[in-house]
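These are the residues of each chain, in order.
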Amino acid sequence: MAQNIYDQPDFFAGYSQLPRSVHGLDGAPEWPAIRAMLPELKDKRVVDLGCGFGWFARWAGAQGAAQVLALDLSEQMIARAKATTQAANIDYRIADLEQLSLPAGAFDFAYSSLAFHYIEDFDKLAATIHQALAPGAQFVFTIEHPVYMAPAQPGWATDAGGRRIWPLDGYSIEGPRRTDWLAKGVLKYHRTIGTTLNALIHAGFNVRHVQEWTPTADQVAANPGLAEELDRPMMLLVAAQR
């Protein structure tokens, strides 16, 4: 079973105050790049893996999706999502992505935002998603970038010349990483870009687009704090097709 960090009171309280939790998709600076990767969702059967507060599920429903199955391990996340959703075409359920089971060919699109780096066996999950999609269906997901995840002690440092640097170490050593983010001992699983993409390929997906996300100049001008994201990628965006 995956670590259910989101139901720990201190973590949930901190997460609830993040801009992307308060403002939804508009509070996620990577959203414009993700939206450009999405197919038309009208009349599609959609599965949202790690739905959180349900922001994407509601957006997909508003785009005319025939149905949206939104899954998350956190009881508190699902409770909040249900409380803020009125659409009849969205079904929220508690599910552990490590033990996920989905009916074959049941969906036309799969989506996940910043959830898969909590998954130990990504090969198994990729195979499960592949069989659950109809032929030709698309799959878009985001994860923390492996360069962001790899360090034993992630965090900015300053070199002798006063330049901001990201202290990358252990990149090729895949496996668990424990970091203190909103709570102590948050468990994530580091994989290289090659391992992630090869898991998709071995599952039968065609990789269509890969983006190491960085903010645009306009985004940095509007929010100067995003400038540090130009020094190392924080997120990896991937689009694939069954």
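Below is a short write-up of the structure. Not measured: the values here are computed from a predicted model.

Details of the nonpolar core
So, step 1. If you look at the biggest cluster of nonpolar residues, it comprises 32 residues, and the most contacted ones within it are F116, I129, F139 and L200.
So, step 2. Residue assignment for this core shows that the elements contributing at least two residues are β1 (45-49), β2 (67-72), β4 (107-113), α6 (122-132), β5 (133-144), α8 (193-203) and β11 (235-241).
So, step 3. If we skip the residues at most four places from it in the chain, I129 touches L49, A110, F116, F139 and F205.

A short note on helix α4 (residues 55-62)
So, step 1. With six of eight residues buried, α4 is to be regarded as a mostly interior element.
So, step 2. Along α4, the residues that are buried comprise F56, A57, R58, W59, A60 and G61.
So, step 3. Elements in contact with the buried residues of α4: α3 (31-35), β1, β2, α5 (75-83), β3 (90-94) and β4.
So, step 4. The first or second residue beyond α4 is G64, which carries a positive phi of 100 degrees.

With respect to unusual backbone geometry
So, step 1. At D43, a residue that is not glycine, the phi angle is positive and equals roughly 65 degrees.
So, step 2. As for its position among the elements, D43 is in the loop between α3 and β1.
So, step 3. The phi dihedral of L114 falls on the positive side, at around 50 degrees, and the residue is not glycine.
So, step 4. When you line up the elements, L114 lands in the loop between β4 and α6.

Observations regarding the side chain of H117
So, step 1. Residue placement: H117 occurs in the loop between β4 and α6.
So, step 2. On the accessibility criterion, H117 (3% relative accessible area) is buried.
So, step 3. With residues near it in sequence (within four places) discarded, H117 still touches I143, E144, M149, K188, Y189 and R191.

Comments concerning the pattern of salt bridges
So, step 1. Tallying each qualifying case throughout the model produces six salt bridges.
So, step 2. Residues R93 and D91 are paired through a salt bridge, measuring 2.7 Å at the closest nitrogen-oxygen approach.
So, step 3. Residue class for R93 comes out partly exposed when judged on its relative accessible area of 45%.
So, step 4. A salt bridge links D159 to R163, with the shortest nitrogen-to-oxygen separation between them at 2.7 Å.

Some remarks on the environment of S101
So, step 1. Tracing the sequence through the fold places S101 in the loop between β3 and β4.
So, step 2. Overall, the relative accessible area of 64% leaves S101 in the exposed class.
So, step 3. Residues S101 and D159, 58 residues apart in the sequence, show an inter-C-alpha distance of 48 Å.

Quick word on the side chain of D72
So, step 1. Relative to the helices and strands, D72 resides in strand β2.
So, step 2. Here D72 sits buried without a salt bridge, and the closest side chain of opposite charge, R58, lies 11 Å off (N-O distance).
So, step 3. At 3.3 Å, the side chain of D72 and the backbone nitrogen of C51 are in polar contact.
So, step 4. In this structure the side chain of D72 is engaged in a polar contact, spanning 2.9 Å, whose partner is the backbone nitrogen of S74.
So, step 5. Apart from residues no more than four positions distant in its own chain, D72 is found in contact with G50, C51, G52, M77, I78, R93, I94 and A95.

Digging into α6
So, step 1. All of the buried residues in α6 are F122, L125, A126, T128, I129, H130 and A132.
So, step 2. On its buried face, α6 sits against β1, β4, β5 and α8.
So, step 3. A distance of 3.5 Å separates the backbone nitrogen of D123 from a side-chain oxygen at the start of α6, and that oxygen is part of D121.

Quick notes on the sheet that holds strand β10 (residues 206-213)
So, step 1. With mixed pairing, the seven strands of this open sheet are ordered in space as β3-β2-β1-β4-β5-β11-β10. Since the sheet does not close on itself, it has two edges, and those belong to β3 and β10, each with one partner. Between one strand axis and the next, the sheet turns by 15 degrees as a mean value, whatever way the strands run.
So, step 2. Looking at chain direction, β2 and β3 are connected through five bridges and run parallel. Counterpart to D72 in the pairing with β3 is I94.

Rules used in this analysis
- Residues numbered from 1 in each chain as written.
- Predicted model: local features only at pLDDT ≥ 70, side-chain atom pairs only at ≥ 80, totals over all residues.
- Heavy atoms only, no water.
- Core = buried A, V, L, I, M, F, W, Y, C linked by side-chain atoms within 4.5 Å.
- Buried < 20%, exposed > 50% of the residue type's maximum accessible area, 1.4 Å probe, protein only.
- Helix = DSSP H or I, 4+ residues; strand = E, 2+ residues; numbered from the N terminus.
- Contact = heavy atoms within 4.5 Å.
- Salt bridge = Lys/Arg side-chain N within 4 Å of Asp/Glu carboxyl O.
- Lys, Arg positive; Asp, Glu negative; His and termini not counted.
- Polar contact = N/O pair within 3.5 Å; in protein donor to acceptor, adjacent residues only side chain to side chain.
- Pairing = 2+ DSSP bridges.
- Axes fitted to C-alpha atoms, helices over the stretch in contact; angles between N-to-C directions.

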